[in-house]
Amino acid sequence: MISPLDVIKIRFQLQIERLSRSDPGAKYHGILQAARQILLEEGPTAFWKGHIPAQLLSIGYGAVQFLSFELLTELVHRASKYDARDFSVHFVCGGLSASTATLAVHPVDVLRTRFAAQGEPKVYKTLRDAVVTMYRTEGPLVFYKGLNPTLIAIFPYAGFQFSFYNTLKHVHEWVMPAEGRKNENLKNLLCGSGAGVISKALTYPLDLFKKRLQVGGFEQARASFGQVRSYKGLLDCARQVLREEGPRGFFKGLSPSLLKAALSTGFVFFWYELFCNLFHHMKKADS
């Protein structure tokens, strides 16, 4: 559902030129214009480029993240005097679980970015072709390009997600009258969306650096999109973006990213709570 927004976000993040009509070299300058341009040049399937690695990323990341989060919060509950529902506990456990999930699935994230970044004609025809070509031409470390900003960003991002989600649920219960609290699924969706938007906005520049680093060595596929740059690492990437694109360059693609974060996080917590409640009801029925 959110793949088209992710493709547009990645294209915005990788564009060196300003996202503005006033820049004659800019290929994209707005969400609707980018959607029309991609549709015209690459067809409707372009919005799902890298969909298979994206699904593997979502499934693998979500499974590892929520499993480790549940285990960590249970450990805190049993081994310490801290309340497992506290903001700080949710922040630390959420950050640690996301870091674990990131290490497990980062290679798939690199593949996803490269598929979404390439235009026509495609450099990588299939997932197998991409893995073999990348390994042969760039070595095994290519699958961990952009890991540093990812790990730096993911701890606070996921920590904020879980803690703000918990906080927003308390705010919702405080603001809403008792008769308006019956729809738990809507509350989970709204609070999850809010948590996703806040978390993404606070950590966004590091996500941009990650994407720029992940396509390093992939410049030939980016030539038709405009200017390309090579970066030596995280600090060099940050310096070049600041020097050439200004502070606003750190937030390229923020608007589709926030839409994506609201929808994806909202859906994640919506289904997570729904299945947890279903599981608890089944356990009660069995007992």
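Residue numbers run consecutively from 1 along every chain, following the written order of its sequence. For this predicted model, a pLDDT threshold of at least 70 governs which residues receive local features, and a threshold of 80 or more governs which side-chain atom pairs are given and counted, while totals over whole chains, interfaces and linings are taken from all residues. Just so you know, side-chain values use all the structure's heavy atoms and leave hydrogens and water out.

An unreviewed UniProt entry annotates the protein as Mitochondrial thiamine pyrophosphate carrier isoform X2 originating from Acinonyx jubatus. UniProt positions are given in the numbering used here, feature names are shortened, and annotations may be inferred rather than shown by experiment. What UniProt states about the protein under its Subcellular location (unreviewed entry) heading is, verbatim, "Membrane".

Q: What should I look at first to understand a nonpolar patch on the surface in this one?
A: Each patch groups residues whose relative accessible area exceeds 30% and which form no salt bridge, using 9 Å between like charges and 5 Å between nonpolar side chains of Val, Leu, Ile, Met, Phe, Trp and Tyr. Accessible surface is estimated by sampling points in the Shrake-Rupley manner with a 1.4 Å probe; for residues, cover comes only from the protein chains shown. Salt bridge criterion: a side-chain nitrogen from Lys or Arg within 4 Å of a carboxyl oxygen from Asp or Glu. Nonpolar side chains collect at one region of the surface, where Trp271, Phe275, Leu278 and Met282 lie side by side and expose about 440 Å² of accessible area between them. For the purposes of this entry, the term helix denotes a DSSP run of H or I that reaches at least four residues, the term strand denotes a run of E that reaches at least two, and both are numbered from the N terminus. Structurally, leucine 278 can be placed in helix 9 (residues 254–286).

Q: Before we go on, may I ask you to explain the packing of helix 1 (residues 3–14) against helix 7 (residues 184–214) in this structure?
A: The packing of two helices is summarised by the inter-axis angle and the distance between the axes. Only the contacting stretch of a helix is used when fitting its axis, a line to C-alpha atoms as for every element, and angles between N-to-C directions run 0 to 180 degrees. The geometry of helix 1 relative to helix 7 is characterised by a closest axis approach of 9 Å and an angle of 80° between their N-to-C directions. With respect to each other, helix 1 and helix 7 are oriented roughly perpendicular. Contacts from Lys9, Ile10, Gln13 and Leu14 in helix 1 reach Tyr204, Asp207, Leu208, Lys211 and Arg212 in helix 7. Charged residues are taken to be Asp, Glu, Lys and Arg, nonpolar residues to be Ala, Val, Leu, Ile, Met, Phe, Trp, Tyr, Cys and Pro, and polar residues to be all remaining types, Gly included. Along the lines of polarity and charge, the residues of the contact of helix 1 with helix 7 split into four nonpolar, one polar and four charged. Here is the rule for angles: anything less than 35 degrees is roughly parallel, anything more than 145 is roughly antiparallel, 65 through 115 is roughly perpendicular, and the remaining ranges are oblique. Between two residues, a contact is recorded if the distance between any of their heavy atoms is within 4.5 Å.

Q: For this particular structure, what's the right way to read the UniProt feature "repeat: Solcar" (unreviewed entry) in the protein?
A: The positions that UniProt labels "repeat: Solcar" (unreviewed entry) are, in the present scheme, residues 1–75, 85–171 and 183–278. Secondary structure across residues 1–75 divides into 65% helix and 0% strand, with the first and last C-alpha atoms of the span separated by 35 Å.

Q: What should I look at first to understand the state of the cysteines in this one?
A: Disulfides are covalent bonds that connect the sulfur atoms of two cysteines. The term disulfide is used for any two cysteine sulfur atoms that are within 2.5 Å. Under the definition given, this model contains zero disulfides. Residue cysteine 191 stays outside any disulfide, its sulfur separated by 16 Å from that of cysteine 276, the closest cysteine. Between cysteine 276, a free cysteine, and cysteine 93, which holds the nearest cysteine sulfur, the sulfur-to-sulfur gap is 15 Å.

Q: Teacher, can you tell me more about the layout of surface pockets here?
A: The gaps of empty space that remain are located by a probe, the size of a water molecule, rolled over the atoms. When its volume is computed, the largest pocket comes out at roughly 1,600 Å³. As for the largest pocket, its lining consists of 46 residues, and the residues nearest its centre are Leu57, Ser58, Tyr61, Ser264 and Val268. Taken together, the elements giving at least two residues each to the lining of the largest pocket come down to helix 1, helix 3 (51–79), helix 4 (87–117), helix 6 (147–175), helix 7 and helix 9. With 13 residues, helix 3 is the single largest residue contributor to the lining of the largest pocket. Residues of the lining of the largest pocket, tallied by class, amount to 23 nonpolar, 13 polar and 10 charged. In this analysis a 1.4 Å probe is tested at points of a 1 Å grid over the protein atoms alone, and where it fits but cannot get out there is a cavity; an open set with protein on both sides within 12 Å along at least five of seven lines is a pocket; lining residues have an atom within 4 Å of a point. Grid points are joined across faces, edges and corners, and a volume is the space filled by probe spheres set on the points.

Q: Whenever I open this one, the nonpolar core confuses me. Can you help?
A: General note: in soluble globular proteins, nonpolar side chains tend to be found buried as a group. Buried residues of nine kinds, namely Ala, Val, Leu, Ile, Met, Phe, Trp, Tyr and Cys, make up a nonpolar core once their side-chain atoms join them within 4.5 Å. Working definition: with a 1.4 Å probe on protein chains only, accessible area under 20% of the residue-type maximum means buried, over 50% means exposed, and in between means partly exposed. Residues Ile8, Tyr28, Ile38, Tyr124, Ala130, Met134 and Phe218 are the most contacted members of the largest nonpolar core, which totals 24 residues. Secondary structure elements with two or more residues in this core: helix 1, helix 2 (31–42), helix 4 and helix 5 (127–138). If we ignore the near neighbours within four places in the chain, the residues touching isoleucine 8 are Ile31, Ala34, Ala35, Ile38, Phe47 and Pro256. With 12 residues, the next largest nonpolar core counts Ala153, Leu206, Leu213 and Ala238 among its residues.

Q: In this structure, what is going on with the environment of threonine 45? I would like to understand it.
A: Its location among the elements puts threonine 45 in the loop between helix 2 and helix 3. By relative accessible area, threonine 45 is classed as exposed at 60%. When the C-alpha positions of threonine 45 and proline 4 are compared, they lie 9.5 Å apart, and in sequence the two are 41 residues distant.

Q: Help me out: how do you make sense of the packing of helix 7 against helix 8 (residues 234–245) in this one?
A: Here helix 7 crosses helix 8 at 105°, and the two axes come no closer than 10 Å. For the element pair helix 7 / helix 8, the angle class is roughly perpendicular. Taking contact as the criterion, the partners of Leu208, Phe209, Arg212 and Leu213 in helix 7 are, on helix 8, Leu234, Cys237, Ala238, Val241 and Glu245. Class assignment of the residues belonging to the contact of helix 7 with helix 8 gives a composition of seven nonpolar, no polar and two charged.

Q: Teacher, can you tell me more about the packing of aromatic side chains here?
A: The geometry of an aromatic ring pair comes down to the distance between the two centres and the angle between the two planes. Under the pairing criterion, centres of Phe, Tyr and Trp rings, with the six-membered ring standing for Trp, must be within 6.5 Å; the plane angle then separates stacked pairs below 30 degrees from edge-to-face pairs above 60, leaving the rest tilted. According to the stated counting rule, one finds eight aromatic pairs in the structure shown. Between tyrosine 28 and phenylalanine 225, the ring centres sit 6.5 Å apart and the planes meet at 45°, which makes this aromatic pair tilted. Of this pair, tyrosine 28 sits in the loop between helix 1 and helix 2 while phenylalanine 225 sits in the loop between helix 7 and helix 8; the two residues are 197 residues apart in sequence, bridging distant segments of the chain. On the accessibility criterion, phenylalanine 225 (7% relative accessible area) is buried. Consider the rings of phenylalanine 209 and phenylalanine 250, whose centres lie 5.5 Å apart with planes at 90°: the pair is edge-to-face. Residue phenylalanine 209 is found in helix 7, and its partner phenylalanine 250 is found in the loop between helix 8 and helix 9; the two are separated by 41 residues along the sequence. We classify phenylalanine 209 as buried; its relative accessible area is 7%. The structure contains a cluster of three or more aromatic residues connected by ring pairs, namely Phe12, Tyr28 and Phe225.

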